[in-house]
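Commentary on secondary and tertiary structure
Single-letter residue listing:
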Amino acid sequence: MFSKKLVFVLMAVFAFLAISAFLANLPEKKDPAVMAFIEPHFPYTFTKTLGGLDLIDRRTGEKLKLDNAKVFLAYDHYLKGWGEKHLKLQGSTLTLTDDNGSVSTLALTPTQRTFVRKFFFQQPSQSR
């Protein structure tokens, strides 16, 4: 009834769709030292759920109930929004002001400074 070629074509199409969905939902690469400095102050964290991962707001304890495929993209989105309000880049020094008003600073290497500038302060290019 079905030819072997049709089965292979369907397998290839489904593999292509799965790989493209995977690549579209990958989070951006982050500098580990900068993220270790920021994460204790960032109000969202990952939590394991029955269906995979979810984000939880540490301030309220509320789970955001996101689609499992979009958790890392949502984390990046919330991190960028939070960083715009709480981070300042002055030369090669990153200054973090948390919700309580306490201030922390981190001396950045040139690659870390480039990461911070691109990730937190550059608007994504609108190619459409």
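Residues numbered from 1 in each chain as written. Predicted model: local features only at pLDDT ≥ 70, side-chain atom pairs only at ≥ 80, totals over all residues. Heavy atoms only, no water.

1. A word on the nonpolar core
- Counting residues in hydrophobic clusters, the biggest one holds 20 residues, and the most contacted among them are Ile38, Leu79, Leu94 and Phe120.
- Counting residues per element, the ones that place at least two in this core are α2 (32–38), α3 (71–86), β4 (93–97) and α4 (110–121).
- With 5 residues, the top contributor of residues to this core is α3.
- With residues near it in sequence (within four places) discarded, Phe120 still touches Ile38, Leu79, Lys80, Gly83, Glu84, Leu87 and Phe115. (Core = buried A, V, L, I, M, F, W, Y, C linked by side-chain atoms within 4.5 Å. Buried < 20%, exposed > 50% of the residue type's maximum accessible area, 1.4 Å probe, protein only. Helix = DSSP H or I, 4+ residues; strand = E, 2+ residues; numbered from the N terminus. Contact = heavy atoms within 4.5 Å.)

2. Things to note about the environment of Leu10
- By the secondary structure assignment, Leu10 is in helix α1 (residues 4–24).
- According to the relative accessible area criterion, Leu10 is partly exposed, its value standing at 43%.
- Sequence-wise, Leu10 and Asp54 are 44 residues apart; in three dimensions their C-alpha atoms are separated by 32 Å.

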